[in-house]
Amino acid sequence: MGKAQKGVLGMTSSSSIITTALRSTLQNLARSDQYSSGSNTGSVASKSPSQGRVIQDVTDISSNAQTLNHKASELQAHLNVINRNVAVLESSGQAVRDVTAQLRKADVVIGRALAQLAQDANAAKQTSKAVLADFAKNFNADLNSIDSIVAKQDNGQVNLLRGDALETSFTGIANTSLVTQGADITREGLGFGKDFTFESLSDVARASDLLRSAIEGVKGLDVAFQVDLEEIQTKQDFAAGTVETLLAGFEGLGGLGQADEGANLLAQQASLLLASSDEALVSEEQQSLLNLF
């Protein structure tokens, strides 16, 4: 084939672009009678069909690789949104549990206040205002901590703890979406409004009733978040696995979809390797070609 042939072989070896599929095609051609060492009568016309077939194989490989890479990129974009929504739900769920913990602390205060009132009533004495004021102070402090927890979820996006809704689209996975509805669980949203003053049993009892209702409501919100989170994570795992599969297929085709230049270079190299219009490949040159892989 001459020096020009050796130059092409050197370029192929250094770039490491020719894929397994192309190698297999070249090996089959090298074994055929058309390119055997005993046949040196091949012409350009007789080699053209084989050359065209290899070039078409290269084009198909490149197209398939680019398709896989494109689909993987599209699905990854959808997956990124799902990942962000999962993070929002996880953070919101933890915040809801933190709010629940504060409500339970306030419930402990209420329990102590009620116990003190009952004890004093049994002793036929009136609970001092100073003692009740101290209970009220601790109760209000626990409620105020709730607003601090909710405020930490304000990140310029969705705050489910202020009643915002979070929509998760499963485009690329399924033609569905999931809307997670939040709830206002700030102190005011839970119905605690102004600071409480415990001046009598009725004041403490009213606070206790509101507290019980708030705890049940927040627990229900936590369950709803967990249900939605599990559904989204199922889709998340499926999408992530699909992206990995697509990228594995892309890499298996030699990563030809990474750049059009790579695919074009591969096609040009295959064309040069098979363009032996002056003389056929002899056995030694065939072996040199196949040893590159």
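Just so it is clear, the structure is predicted and the values come from calculations on it, not from any experiment.

Remarks on the pattern of salt bridges
Enumeration over the complete set of coordinates arrives at six salt bridges. The salt bridge involving R162 is made with D154; its shortest N-O contact spans 2.9 Å. For D154, a relative accessible area of 41% corresponds to the partly exposed category. A salt bridge links K219 to E216; the nearest nitrogen and oxygen atoms lie 3.9 Å apart. Here K219 and its partner E216 are both found in helix 5 (residues 201–252), three residues apart, which amounts to about one turn of the helix.

Considerations on the confidence of the model for the chain
Looking at the chain as a whole, the pLDDT averages 74, with 62% of positions reaching at least 70. The lowest-confidence element of the chain is helix 1 (residues 3–15), averaging 38 in pLDDT; the highest-confidence one is helix 4 (residues 129–151), averaging 95. Contacts of residues 1–23 to residues separated by more than four positions or lying in other chains number 44 contacts, the stretch itself having pLDDT below 50. Predicted confidence for residues 29–48 stays below pLDDT 50, and this span has 30 contacts to residues more than four positions away or in other chains.

Considering unusual backbone geometry
A positive phi angle, close to 60 degrees, is found at A124, a residue other than glycine. Assignment of secondary structure puts A124 in the loop between helix 3 (44–122) and helix 4. What makes A124 exposed here is its relative accessible area of 71%.

Describing the nonpolar core
L103, F139, I185, F192 and F198 are the most contacted members of the largest nonpolar core, which totals 41 residues. Elements with a minimum of two residues in this core: helix 3, helix 4 and helix 5. When residues no more than four places from it in sequence are discounted, the contact partners of L103 are L143, I146, L190, F192, L211, A214, I215 and V218.

A few points about the side chain of Q153
Tracing the backbone through its elements, the reader meets Q153 in the loop between helix 4 and strand 1 (165–169). With relative accessibility at 12%, the residue Q153 sits in the buried group. Side-chain polar atoms of Q153 contact the side chain of S91, separated by 2.9 Å. Sequence-distant contacts of Q153, that is, excluding residues within four places in its chain, are made with S91, S92, A95, V158, N159 and L161.

Details of the environment of T234
Within the element layout of this structure, T234 appears in helix 5. Looking at T234, its side chain comes within polar contact range of the main-chain oxygen of E230, at 2.9 Å.

Comments concerning the side chain of D107
Tracing the backbone shows D107 in helix 3. D107 gets classed as buried once you look at its relative accessible area, which sits at 16%. Residues contacting D107, with those up to four places away along its chain left out, are L211, R212 and I215.

A short note on the environment of R97
Relative to the assigned elements, R97 resides in helix 3. Taking the C-alpha atoms as reference points, R97 and D222, separated by 125 residues in sequence, lie 7.1 Å from one another. Leave out the neighbours within four places in its chain, and R97 touches D222 and Q226.

Comments concerning the pairing of strand 2 (residues 177–181)
Of the two faces of strand 2, only one is covered, namely that formed by L178 and T180; the face formed by S177, V179 and Q181 stays uncovered. Where strand 1 meets strand 2, five bridges bridge the pair, whose relative direction is antiparallel. Residue A165 lies in a different strand from strand 2, and its bridge partner there is Q181.

Quick look at helix 4
Compared with an ideal rise of 1.5 Å per residue, which puts 23 residues at 33 Å, helix 4 spans 33 Å between its outermost C-alpha atoms and is within 8% of the ideal. Residues of helix 4 that are buried include every one of L132, F135, A136, F139, N140, D142, L143, I146, I149 and V150, and no others.

Each value, and the rule that gives it
All chains use their own residue numbering, which begins from 1 and follows the written sequence. With the structure being a predicted model, the display of local features is reserved for residues of pLDDT at least 70 and the display and counting of side-chain atom pairs for 80 or more, all residues being used for whole-chain, interface and lining totals. Hydrogens are left out, water is left out, and the side-chain values use all remaining heavy atoms of the structure. Should a side-chain nitrogen of Lys or Arg be within 4 Å of a carboxyl oxygen of Asp or Glu, the pair is scored as a salt bridge. Any residue under 20% of the maximum accessible area for its type is buried, any over 50% is exposed, and the rest in between are partly exposed; the area is computed with a 1.4 Å probe on protein chains only. Secondary structure follows DSSP: runs of H or I at least 4 residues long count as helices, runs of E at least 2 residues long count as strands, and numbering of each begins at the N terminus. The predictor's confidence in any single residue is recorded as pLDDT, a number from 0 to 100. We call two residues in contact when some of their heavy atoms are within 4.5 Å. Here, nonpolar core refers to any group of buried Ala, Val, Leu, Ile, Met, Phe, Trp, Tyr and Cys residues whose side-chain atoms link them within 4.5 Å. Pairs of N or O atoms within 3.5 Å make up the polar contacts considered here, provided that, within protein, one atom can donate a hydrogen while the other can accept it, and that residues adjacent in sequence are counted only when both atoms are side-chain atoms. Note on pairing: two strands pair once DSSP finds at least 2 bridges between them. To estimate how far a helix should extend, the number of its residues minus one is multiplied by 1.5 Å.

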